[in-house]
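# Residue-level structure breakdown
Residues per chain, in single letters:
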Amino acid sequence: MSGDLTVFVPIGMRPLTGGLRTVSASGATISQVIDDLESRYPGFHMSLVEEGRLKSSLTIAVNSVEQPLGLLARVPKGAEIHIIQAMAGGKC
Amino acid sequence: MTTETKPAFNVVGTRPIRPDGVDKVTGRANYGADISLPGMLYGRILRSPHAHARILSIDTSKAEALDGVRCVITHADLPGASDTILDFGESVSPYKWVLEQTFASEKVLYQGHPVAGLCATDPHIAEDALSLIEVEYEVLPPVLTVHDAMADGAPILHEGMKMVEMVARFVPGDGRSERDSNIASQLELEHGDPAAGFEEADIILEGEFETAAAHQGYIEPQTGTAYWNPDGTLTIWTSSQGPFAIRDTVAHMLGIPMADVKVVPMEIGGGFGGKTKPYMEPAAAIMSKKTGRPVKMYMNREEVLVGTGPTSATYVRCKIGAKNDGTLVAGEATLAYEAGAFPGSPVGAGASCMFSSYDVPNLYVNALDVLTNKPKAHAYRAPGSPQATYAVESLLDQLAERLERDPMELRAQNAAAEGTRRADGTRMPAIGAEETMQAAMDSPHYRSELGIDEDGRLIGRGVSMGFWHNAGGESSAYAMTNADGTVNLSLGSVDIGGQRAGLAMQFAESMGIGYEQVRPQVVDTDQIGFTNVTGGSRVSYASGLAVHEAALDMQQQLAARAARIWECDEEAVSYADGVLKGPDGQSMTFPELCGQLQRTGGQIQGAADVSPNRPGPAFACHIVDVAVDQDTGKVDVLRYSAVQDVGTAVHPSYVEGQVQGGVAQGAGMALTEEYVYSPEGRMTNASLLDYRMPTSLDLPEIETILVEVPNPSHPYGVRGVGEVPIVPPLAAIANAIYDATGIRMNSLPASPTKLLDRLLEE
C-alpha cells in the first residue's frame with residue numbers, strides 16, 4: 001500500500017528501501033506513518049522507535065517543520081516527511 | 001544603524017533601560033561566586049596532569065587527614081551508570097559519559113579531567129589538600145588531532161567503542177566498524193544528485209580548511225554551590241544558562257526526584273553555550289550530603305580553559321561546482337570535528353548550516369565526530385557553523401575571482417529563498433537571505449573605496465555570509481497583576497543578553513501597557529514551569545511567545561472580571577491597547593480594572609507554558625577591511641560591518657550588542673584564539689595572557705545594519721539574533737587577508753606567526 005505522503009529516506013536507511021531516496025507512505029500521525037513504512041520496508045520501526053518513543057537521536061520534520069511531539073505529531077495530507085539525525089550541539 | 005522603518009509597535013523596537021542594569025554596573029548583582037552561606041565549605045577538584053593515562057590507584061588518606069578537610073570523593077562515590085540520554089538544551093549526552101566527565105573511573109582522557117574532589121573549611125586548606133591526594137597513573141600516548149585519531153593504529157580513547165556510540169546509525173549493523181574506533185559517529189546529508197551536479201558543472205573548486213579549538217571566553221568562571229537539606233531536598237546556586245538542565249541532570253545522577261532539587265539561577269557573566277551543562281554541581285551536592293553543610297565550588301581561569309569544553313578544532317574538505325554564469329550546481333564536503341574526550345562535537349550543525357545561505361540543488365555532506373584527548377567540546381555560539389561556513393565561503397571567494405565577478409553579486413545570484421532545500425532536504429521557511437545580501441551591497445562600507453594604508457601595510461576586503469537555524473523549545477512565563485496596574489513577570493529564561501528587558505517589552509506590547517509597568521524577574525526552578533536553556537538564539541522567540549501567551553491568558557481573565565462588574569457576557573468584553581470595552585459603551589483601562597480585582601475575586605495570574613517549533617532562521621553578511629603588516633604578519637581589522645536579518649529588533653541596542661559581540665568572538669577565532677598543546681597533550685597557553693582573545697583595543701567600532709524580515713510565526717516577527725553573527729567573521733577575514741596579500745589562509749587562526757611564514761614562503 002502506498003499513500004499520499006512523501007518520506008525522504010536518509011542515506012543510512014536506504015538499504016531498507018533498496019536505495020530509494022524517497023518513498024510514499026500513508027498515515028495521520030508519525031506513528032502510523034512508521035507502521036506503514038514498516039509493513040513494506042521491514043526495519044523502519046526498530047531504526048526509528050525505542051521504548052515506544054522516537055529515538056532521542058532523531059527528529060522528524062513534517063513539511064520542513066520539526067515536530068517536538070515525535071510519534072504523536074499529526075501529518076497533513078500530501079505532506080513531506082524528513083527523518084533527521086539530531087545534531088550534537090545544534091539542537092537549536 | 002537600523003533600517004529606516006517606523007516601528008509598527010508601541011514598545012517593541014524602542015530602547016528602554018534594562019531592569020538589571022543598575023545592579024550590574026554598580027557591582028551589586030549577585031553572581032555565582034557571591035554566594036556565602038553559614039557553615040559553608042569550599043570544594044576543589046583534582047585534575048589529571050596527563051592527556052591520556054590509566055588510573056592505577058588513588059590514595060586520598062593524607063588529604064582526608066589534613067585538619068579542616070571534611071570530605072574527599074572520587075568516581076567511586078558516584079551512582080552507577082545507565083543508558084539514559086541527558087538533554088542539556090544545546091547538546092545531549094549519554095549519562096555514562098556525564099559520570100565519566102564528573103570524575104574519571106579507569107582512565108583520564110584529557111589534561112584537566114577531574115579525578116577527585118574535596119571540601120574543607122577554608123579555600124586555602126582545600127587547595128593545599130589537593131596536593132595530598134596521591135594518584136598513580138600509567139601514561140598512555142595521546143591523540144591530539146582528528147587526523148591522528150582516525151589513523152590506522154591510533155591509540156583508542158574508549159576501548160569497545162565502535163564507530164557509532166552516541167548517535168546510533170539508523171540501520172543496526174549497517175556501516176559499523178568492526179574494530180574499535182575514535183570516530184564516535186557519522187552523519188550523512190544529501191539532497192539532489194551530487195554526482196550529476198558536479199557532472200553538470202563548468203568549474204569545480206576544492207579545498208581543505210582547518211580551524212583551532214576556541215573557548216567561549218566568558219569572563220565569569222564556572223561556579224556551583226549546593227546544600228543538601230536535612231529533609232532530603234537539594235538546593236543549588238549556579239551561574240548557568242540552563243537551570244532546569246542542571247536540575248534534571250543532578251536529580252538523575254543522585255537518584256532523587258526532580259521536585260526535590262531547586263536550582264537558583266545567579267546572574268551569569270557570559271556563557272555563549274559553555275554553561276549549559278553541570279561541571280561541579282554534582283560533586284558539590286554529593287559532598288554536601290556527606291558533610292551536611294553547604295559546599296561551594298568554583299574554577300580558576302586555568303581550570304576553565306583546560307577543564308571545560310571549548311568549541312571543536314576542525315578539518316573540512318569541501319568542493320563546489322558552478323556553471324560559467326556563476327550558478328551553483330553542486331556541493332560536497334567532509335567534516336571531521338574534534339569531540340574531545342567524549343562523543344558530541346557540533347559537527348552535525350556544521351554540516352547542516354554550511355551551504356544553507358545558498359540554493360545548491362545537489363549536496364552531499366559527510367560529518368564525522370572524532371574523539372581526541374582534549375576536553376569534551378561544548379556548545380559555543382552557533383556551534384559548528386563558523387568552521388564549516390569558512391570552507392564554503394572561501395571557495396565562493398575563489399569562484400568569484402575565477403569568474404571575475406563581484407563576490408557579493410555572485411552570492412546574491414545564488415541566495416537561498418523561501419522553499420530552497422537545505423542539505424538535509426527540508427525547505428526554508430520565510431527568510432531574509434536575499435534582503436541581507438542586498439543590504440550589504442547597498443551599505444556605505446561595501447560601496448566605499450578600500451583606499452591606501454598610510455603605514456604601507458597591505459590592505460584588503462573580504463565578505464562572507466553566515467546561517468544559523470535558531471531554535472524553539474519549551475519556555476514558561478507567569479504574570480501577576482497588582483492593584484496599581486503594575487505586573488510582576490516571572491521568567492524561566494536566564495538573562496544573559498537583555499532577556500528581562502526584551503521579554504518585558506514583548507509582554508507590555510501584548511498587554512498594551514507601558515514597559516515601566518512590568519517588573520520582570522528570573523526565578524528559580526521551583527517557581528516556574530520547565531524552561532529550556534538560554535541558548536540557541538531561542539529566548540526572544542520562544543520565551544517571547546510564552547510572555548505573549550501569558551498576556552493573552554491574562555486578558556481573558558480580565559475580560560471575565562470586567563463582565564462581572566458590567567453584568568454582561570464575558571464574550572461581549574473586548575481588550576485592546578490596554579483598555580477593556582463593554583457592550584454598552586463601558587470602558588476601563590487595565591490599571592483601573594486592576595484596582596477593582598480584589599473585590600471581584602482577587603488578583604489574577606496569566607500563565608503560559610509553550611513549546612514553539614517555528615523559529616525564523618537567521619542570516620548575516622559581513623564586510624571587513626584588514627591591513628596586513630608584511631614584516632610581522634599581524635592583521636589589523638580596519639573596518640567591520642555586520643548586516644543581519646533580525647526579524648524584528650525587540651530592543652535594537654541589545655540586538656546591536658549581540659551582533660557586535662558575535663563579530664568580536666568570530667574575529668578572535670579568525671586571528672588569534674587557539675588552544676596550543678604540547679606533544680604530550682598539555683595546553684601550553686592556559687591563561688588569558690597567552691590565550692589571546694580580542695580586546696576593545698584590537699577591533700574598530702563594529703557597524704551594524706539590522707535588516708527586519710519578520711518571522712511570520714511570531715506575533716512581532718522575532719527571529720533569534722545572538723548566534724549567527726559569529727558565523728561569517730572567519731571566512732570574511734580570511735578572504736580579506738587573501739585580497740590584501742594573495743595568500744589563502746586555509747588554516748585559522750591567521751596568527752602573525754602563521755601568516756608571516758606564508759608571506760616569507762611567497
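Conventions used here
Residues numbered from 1 in each chain as written. Chains lettered and ligands numbered in written order. Predicted model: local features only at pLDDT ≥ 70, side-chain atom pairs only at ≥ 80, totals over all residues. Helix = DSSP H or I, 4+ residues; strand = E, 2+ residues; numbered from the N terminus. Rg over C-alpha atoms; globule rule 2.2 N^0.38 Å. Buried ≥ 20, exposed ≤ 12 C-beta atoms within 10 Å, placed from the backbone. Contact = placed C-beta atoms within 7 Å. Domains from an automatic or database assignment. Pairing = 2+ DSSP bridges. Axes fitted to C-alpha atoms, helices over the stretch in contact; angles between N-to-C directions. pLDDT = per-residue confidence, 0-100. Parallel < 35°, antiparallel > 145°, perpendicular 65-115°, else oblique. Left-handed = near helix turned anticlockwise from the far one by under 90°. Nonpolar A, V, L, I, M, F, W, Y, C, P; charged D, E, K, R; others polar. Core = buried A, V, L, I, M, F, W, Y, C linked by C-beta atoms within 7 Å. Expected span 1.5 Å × (residues − 1).

This part is about the overall build of chain A. Scanning chain A for helices and strands turns up 2 helices and 7 strands. Taken from the N to the C terminus, the helices and strands of chain A come in the order β-β-α-α-β-β-β-β-β. Relative to the globule expectation of 12 Å for 92 residues, the C-alpha radius of gyration of chain A, 12 Å, shows essentially globular dimensions. Its C-alpha atoms give chain A principal-axis dimensions of roughly 35 × 25 × 25 Å. In chain A, which comprises 92 residues, the share counted as buried stands at 46%.

So, on to the overall build of chain B. Within chain B, the secondary structure is distributed over 20 helices and 29 strands. What you see for chain B is a C-alpha radius of gyration of 27 Å, in line with the 27 Å of a compact globule of 762 residues. Dimensions along the principal axes, computed over C-alpha positions, put chain B at roughly 85 × 75 × 55 Å. A buried classification covers 58% of the 762 residues belonging to chain B. Long-range pairs, those at least 24 residues apart, make up 80% of the contacts in chain B with a sequence separation of at least 6.

Turning next to helix α8 (residues 281-291) of chain B. In an α-helix, one full turn covers 3.6 residues, which means residues spaced three or four apart are oriented alike. All names here are of chain B. The element α8 is extensively covered by neighbouring structure, given that 9 of its 11 residues are classed as buried. Those residues of α8 that fall on the buried side of the exposure criterion are Glu281, Pro282, Ala283, Ala284, Ala285, Ile286, Met287, Ser288 and Lys289. Following α8 by one or two positions, Gly292 has its phi on the positive side, about 75 degrees.

All names here are of chain B. The domain architecture assigned to chain B consists of domain 1 (21-28 + 472-610), domain 2 (35-141 + 216-307) and domain 3 (429-470 + 615-762). For domain 1 and domain 3, the distance between their C-alpha centres works out to 38 Å. Residue-level contacts link 16 residues of domain 1 with 17 residues of domain 3. Residue assignment for the side of domain 1 that touches domain 3 shows that the elements contributing at least two residues are α15 (499-511) and α16 (539-566).

Residues and elements named next belong to chain B. With mixed pairing, the 4 strands of this open sheet are ordered in space as β18-β26-β27-β28. Single-partner strands in this sheet number two, and they are β18 (458-468) and β28 (702-707). If you compare each strand with its neighbour and ignore which way they point, the axes differ by 15 degrees on average. With 6 bridges connecting them, strand β27 (residues 635-645) and β28 associate as parallel partners.

Another point: the sheet that holds strand β1 (residues 41-47) of chain B. Residues and elements named next belong to chain B. In space, the 7 strands of this open sheet follow the order β3-β7-β1-β14-β11-β12-β13, with mixed pairing throughout. The outermost strands of the open sheet, each flanked by one partner alone, are β3 (69-74) and β13 (261-265). For this sheet the average axis-to-axis angle between neighbouring strands, irrespective of direction, equals 20 degrees. Two elements, β1 and strand β7 (residues 114-120), share 6 bridges in a ladder whose sense is antiparallel. By the bridge assignment for β7, Tyr42 is matched with Ala120. Sheet contacts for helix α7 (residues 243-254): β12 (234-238) and β13; angle to β13, the most-contacted strand, approximately 150 degrees.

Bringing the environment of Arg28 of chain B into the picture now. Residue and element names in this part refer to chain B. Residue position: Arg28 is located in the loop between α1 (21-25) and β1. Judged by local crowding, Arg28 falls into the exposed class, with 10 C-beta atoms found within 10 Å. As for Arg28 and Leu410, which are separated by 382 residues in sequence, their C-alpha atoms are 51 Å apart.

Time to look at the confidence of the model for chain A. The predicted model of chain A has a mean per-residue pLDDT of 88, with 90% of residues at 70 or higher. Segment residues 87-92 of chain A is flagged for pLDDT under 50; beyond a separation of four residues in sequence, or across chains, it makes 34 contacts in the model.

Before going further, it helps to spend a moment on unusual backbone geometry. Cis geometry is found at the peptide bond from Leu748 of chain B to Pro749 of chain B, where omega equals 10 degrees. Structurally, Pro749 of chain B is set in the loop between β29 (747-748) and α20 (752-761). Unlike most non-glycine residues, Asn63 of chain A shows phi in positive territory, near 50 degrees. Tracing the backbone through its elements, the reader meets Asn63 of chain A in the loop between β5 (58-62) and β6 (65-66). The partly exposed category is assigned to Asn63 of chain A, around which 15 C-beta atoms lie within 10 Å. Phi angles above zero are rare outside glycine, and Ala382 of chain B is one such case at about 55 degrees. Counting through the fold element by element, Ala382 of chain B comes out in the loop between β17 (363-371) and α11 (385-403).

Before going further, it helps to spend a moment on the environment of Thr308 of chain B. Residues and elements named next belong to chain B. Topologically, Thr308 is positioned in the loop between α9 (301-307) and β15 (314-322). Each C-alpha atom, one on Thr308 and one on Lys374, is 9.9 Å from the other, the two residues being 66 residues apart in sequence. Aside from chain neighbours lying at most four places away, what touches Thr308 is Gln222, Gly274, Tyr279, Pro375 and His378.

Take the packing of helix α18 (residues 652-671) of chain B against helix α19 (residues 729-741) of chain B next. Two quantities define a packed helix pair, namely the angle between the axes and the distance from one axis to the other. All names here are of chain B. Running from amino to carboxyl end, α18 crosses α19 at an angle of 55 degrees, the nearest separation of the two axes being 8 Å. Overall, the two elements α18 and α19 adopt an arrangement that is oblique. Note on packing geometry: the crossing formed by α18 with α19 is right-handed. For the pair α18 and α19, contact is made by Val663, Gly666, Ala667, Met669, Ala670 and Leu671 and by Pro729, Leu730, Ile733 and Ala734, respectively. A per-class count over the contact of α18 with α19 returns 9 nonpolar, 1 polar and no charged.

For the rest of this paragraph, the subject is the nonpolar core. Counting 226 residues, the largest nonpolar core has Leu335, Phe507 and Ile733 of chain B as the members making the most contacts within it. The element that contributes the greatest number of residues to this core is α16 of chain B, accounting for 13 residues. The residues touching Phe507 of chain B, leaving out its near neighbours within four places in the chain, are Ala479, Leu489, Val518, Val547, Ala550 and Ala551 of chain B. In terms of nonpolar packing, the next biggest core, distinct from the first, is built from 24 residues, Ile34, Leu48, Leu54 and Val75 of chain A among them.

As a further point, take the confidence of the model for chain B. Residues at a pLDDT of 70 or more form 96% of chain B, whose mean pLDDT is 94. With a pTM of 0.95, the predicted complex shows an ipTM of 0.91.

So, about the pairing of β7 of chain B. Side-chain direction in a regular strand flips from residue to residue, so the side chains alternate between the two faces of the sheet. Residue and element names in this part refer to chain B. Of all 7 residues making up β7, 7 are buried, and the element is well covered by its neighbours. Relative to β7, β3 runs antiparallel, the two sharing 5 bridges. In the strand pairing of β7, Cys71 is matched with Cys119.

Residue and element names in this part refer to chain B. It is the contact of α15 with α16, at a shortest axis distance of 9 Å, that shows an interaxial angle of 35 degrees. The two elements α15 and α16 meet at a crossing, and its hand is right-handed. For the pair formed by α15 and α16, the contact residues are Gln499, Gly502, Leu503, Gln506, Phe507, Ser510 and Met511 on the first element and Val539, Ser540, Ser543, Gly544, Val547, His548, Ala550, Ala551 and Leu552 on the second. Partitioned by chemical class, the residues of the contact of α15 with α16 number 8 nonpolar, 8 polar and no charged.

Attention now goes to α19 of chain B. Residue and element names in this part refer to chain B. Look at α19: 18 Å from first C-alpha to last across 13 residues, which is about the 18 Å you get at 1.5 Å a residue. In terms of burial, α19 is largely enclosed, as 12 of its 13 residues are buried. All buried positions along α19 are accounted for by Pro729, Leu730, Ala731, Ala732, Ile733, Ala734, Asn735, Ala736, Ile737, Asp739, Ala740 and Thr741. Residue Gly742 follows α19 closely and has a positive phi angle near 80 degrees.

Once that is clear, we can look at the environment of Glu592 of chain B. All names here are of chain B. Residue placement: Glu592 occurs in helix α17 (residues 590-594). Using a count of 13 C-beta atoms within 10 Å as the deciding quantity, one classes Glu592 as partly exposed. On a C-alpha basis, the gap between Glu592 and Asp484 in space is 8.0 Å, while along the polypeptide they are 108 residues apart.

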